[in-house]
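Summary of the model geometry
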Amino acid sequence: MEKIILTGDRPTGKLHIGHYVGSLRERVRLQNSGEYAKIFIMIADAQALTDNFDNPEKIRGSIREVALDYLGVGLDPKKASIFIQSQIPELTELTMYYMNLVTVARLQRNPTVKSEIQMRKFEANIPAGFLCYPISQASDITAFKATTVPVGEDQKPMLEQTREIVRKFNEIYAPVLVEPDILLSSNKSCLRLPGTDGKAKMSKSLGNCIYLSDTEEEVAKKVKSMYTDPTHIKVSDPGNVEGNTVFTYLDAFAKDEDFKKYLPEYENLDELKAHYKRGGLGDVKIKKFLNAVLEEELSPIRERRKEYEKDPAFIVEMLKKGTEKAKETAAKTLDEVKKAMRIDYFSGDLF
Ligand code: TRP
């Protein structure tokens, strides 16, 4: 069976380096591996509206930002179809049929949905559209018969829910849908990059993100004020590397070549960590190194992003073409689904 990728992001703002190490960097690697017959990257505006329905301008504006971030990191519209979810009504239609296969109780048990409901303080007033977004996500994935879904760890429950829907559909109707696999980063520090303040998650509302579009100065300032080890007061004090944001970021970003180039007195990250733990290594030095390591990766992204910013017509054209291509595939799957469900009334004799 040919391997197909579908993945995407909600357009609720610019993407940050947590998105990058959690999924974007991996997508580019997969795109360039040549192992995938088709790659679909979706800007999930309809899903973003499930908890931003009263702020459509935010979603609309973020489509441009996310598209620029995609191009910046090196997603290539020649190899991957980049498209906008809401412009493919087939996805909404699939959702309607899949809704019959999922109970409300099952949706309420979904751990990601559960924590989002708490965070957004919906309590007893959960919008039905929001509760059902995991079903819509199953439509996104199955419409393309995706085998592989590279996403962050928080999306695990969505993949489980999708697999359940696929099994149920195939059992009741006909084996039309494909059970997808999640693809997570093998680097543990990449699974959930903490905010620059050391808090568990990067989030715009906490102001603890480094964005892919940040300038060199902004990145430097954020690195300078980064949370380290509060008990490491004098340079000579022994320090902790666990829970130390600078080291978590180094785990996610530093390569041995970076040491050769910027910190040749150490072979690798293990040696740097050992010195920090022993004492005698100051925060200023490790932050300077982290800044250099980040710039190595972020500056080409920033430059590419800036180039594409100059050409909005190109972005619109890319999204149009990507959406057309995605629609073709989704329409084909929807036809098969309707046939399996015996609701393809006008494709032959109805009575
Ligand atoms: N839920 C994803 C996010 O929060 C976005 C998304 C929507 C998605 N549909 C998808 C991801 C399908 C992978 C596959 O960013």
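Residues numbered from 1 in each chain as written. Predicted model: local features only at pLDDT ≥ 70, side-chain atom pairs only at ≥ 80, totals over all residues. Heavy atoms only, no water.

1. Some words on the packing of helix α3 (residues 56-73) against helix α15 (residues 283-309)
Under the convention used in this document: For helices, the axis comes from a line fit to the C-alpha atoms of the stretch in contact; other axes are also lines fit to C-alpha atoms, and the angle between any two N-to-C directions lies between 0 and 180 degrees. Every helix listed is a DSSP run of H or I at least four residues long, and every strand listed is a run of E at least two residues long, numbered separately from the N terminus. Any angle that falls under 35 degrees is termed roughly parallel, while one over 145 is termed roughly antiparallel, one within 65 to 115 roughly perpendicular, and all others oblique. Should the near helix be turned anticlockwise from the far one by less than a right angle, the crossing is left-handed, and should it be turned clockwise, the crossing is right-handed. The criterion used for residue contact is that any of the two residues' heavy atoms lie within 4.5 Å. Note on residue categories: nonpolar means Ala, Val, Leu, Ile, Met, Phe, Trp, Tyr, Cys or Pro, charged means Asp, Glu, Lys or Arg, and polar means any other residue, Gly included.
Across the interface, α3 lies against α15 with an axial gap of 8 Å and an inter-helix angle of 130°. Considering their axes alone, α3 and α15 lie oblique with respect to each other. The handedness of the crossing between α3 and α15 is right-handed. Contact residues: Arg64, Glu65, Leu68, Asp69, Leu71, Gly72 and Val73 in α3; Ile301, Arg304, Arg305, Tyr308 and Glu309 in α15. In the contact of α3 with α15, the residues fall into five nonpolar, one polar and six charged.

2. Re the pairing of strand β2 (residues 38-43)
Inclusion rule: We call a residue buried when its accessible area falls under 20% of the maximum for its residue type, exposed when it is over 50%, and partly exposed in between, using a 1.4 Å probe and counting protein chains only. Here, any two strands with at least 2 DSSP bridges between them count as paired. By convention a crossover is right-handed if, when the strands point away from the viewer, the path from the first strand over the helix to the second runs clockwise.
Burial analysis of β2 places five of its six residues in the buried class, which makes it a mostly covered element. As paired strands, strand β1 (residues 4-9) and β2 are joined by six bridges and run parallel to one another. Note that in β2 the partner of Ile5 across the bridge is Ile39. Traced from β1 through helix α1 (residues 17-33) to β2, the parallel crossover comes out right-handed.

3. Things to note about the side chain of Thr162
Defined as follows: The term polar contact refers here to a pair of N or O atoms within 3.5 Å; inside protein, the definition further demands a hydrogen-donor-capable atom paired with an acceptor-capable atom, and it admits residues adjacent in sequence only when both atoms are side-chain atoms.
Secondary-structure assignment places Thr162 in helix α9 (residues 156-172). A relative accessible area of 0% places Thr162 in the buried class. Engagement of the side chain of Thr162 in a polar contact is seen with the backbone oxygen of Met158, the distance being 2.8 Å. Those residues in contact with Thr162 that sit more than four places away from it in its chain are Gln137, Ala138, Ile141, Thr142 and Pro180.

4. Description of the site of the ligand
Condition: Here a residue is considered near a molecule or strand provided that any single heavy atom belonging to it is located within 4 Å of it. Areas reported here follow the Shrake-Rupley algorithm with a probe of radius 1.4 Å; residue values treat only the protein chains shown as occluding.
Taken together, 14 residues are adjacent to the ligand, and Met42, Gln47, Gln137, Asp140 and Gln155 come closest. A distance of 3.3 Å separates an oxygen atom of the ligand from a polar atom in the side chain of Arg10. One nitrogen or oxygen atom from the side chain of Asp140 is found 2.8 Å from a nitrogen atom belonging to the ligand. Here the ligand has 360 Å² of accessible area as a free molecule, and 91% of this is covered by the chains. Elements with a contribution of two residues or more to the shell around the ligand: β1 and α8 (133-143). Here the element with the most residues in the shell around the ligand is β1; it accounts for four residues.

5. So, the pattern of salt bridges
Stated formally: A side-chain nitrogen of Lys or Arg and a carboxyl oxygen of Asp or Glu constitute a salt bridge if their distance falls within 4 Å.
Summed over all chains, the structure comprises 28 salt bridges. The salt bridge partner of Lys327 is Glu90, with a shortest N-O separation of 3.1 Å. Of the two residues, Lys327 is situated in helix α16 (residues 312-340) and Glu90 in helix α4 (residues 89-98); the sequence distance between them amounts to 237 residues. Assessed through its relative accessible area of 32%, Lys327 is described here as partly exposed. The class for Glu90 is buried, based on a relative accessible area of 12%.

6. Looking at the domain arrangement of the protein chain
Threshold: An automatic or database domain assignment supplies the start and end points of every domain. A simple way to read buried area is as the amount of 1.4 Å-probe accessible surface that goes missing from two parts once joined, with both sides added.
Segmenting the protein chain into domains produces domain 1 (4-192 + 312-340) and domain 2 (216-306). With centres defined by C-alpha atoms, the gap from domain 1 to domain 2 works out at 34 Å. The interface is formed by 14 residues belonging to domain 1 together with 11 residues belonging to domain 2. Summing both partners gives a buried area of about 1,100 Å² for domain 1 against domain 2, and 55% of it is carried by carbon and sulfur. Looking only at domain 1, the three residues that lose the most surface to domain 2 are Ile17, Gly72 and Ser189, adding up to 43% of its buried area. Our enumeration of links across domain 1 and domain 2 arrives at three salt bridges. Close ionic contact of Arg305 with Asp69 constitutes a salt bridge, the shortest N to O distance being 2.7 Å. At the boundary of domain 1 and domain 2, one finds seven residue pairs in polar contact (both at pLDDT 80 or more). Contributing elements (two or more residues each) for the side of domain 1 that touches domain 2: α1, α3 and α10 (188-191).

7. Some words on the packing of aromatic side chains
Convention followed: Planes of paired rings set the category: under 30 degrees apart is stacked, over 60 is edge-to-face and the rest tilted, where pairs are Phe, Tyr or Trp rings (Trp by its six-membered ring) whose centres lie within 6.5 Å.
Under the counting rule described, the total for this entry stands at 10 aromatic pairs. Aromatic side chains Phe40 and Phe144 sit 4.6 Å apart centroid to centroid with 35° between the ring planes, which places their arrangement in the tilted category. Within this pair, whereas Phe40 is found in strand β2, its partner Phe144 is found in the loop between α8 and β4 (148-150), the two being separated by 104 residues in sequence. With respect to class, Phe40 is no different from Phe144; both count as buried. Residues Phe122 and Phe130 carry aromatic rings whose centres are separated by 5.2 Å and whose planes lie at 65° to one another, so their mutual orientation is edge-to-face.

8. Description of the nonpolar core
We count it as follows: Grouping buried Ala, Val, Leu, Ile, Met, Phe, Trp, Tyr and Cys residues that are joined through side-chain atoms within 4.5 Å yields what is termed a nonpolar core.
Core analysis: the biggest nonpolar cluster contains 57 residues, and Ile17 and Leu272 have the highest contact counts within it. Looking at which domains feed residues into this core, each of domain 1 (4-192 + 312-340) and domain 2 (216-306) supplies at least three. Setting aside chain neighbours within four positions, we find Ile17 in contact with Leu193, Met202, Ile210, Leu212, Tyr249, Phe253, Leu294 and Leu298. Of all hydrophobic cores here, the second largest spans 42 residues; its members include Leu6, Phe40, Cys132 and Met341.

9. A few points about the pairing of strand β3 (residues 81-84)
Of the two faces of β3, the one carrying Ser81 and Phe83 and the one carrying Ile82 and Ile84 are both buried. Where β2 lies against β3, four bridges are found, and the strand directions are parallel. Across the sheet, Ile41 pairs through a bridge with Ile82, a residue of β3.

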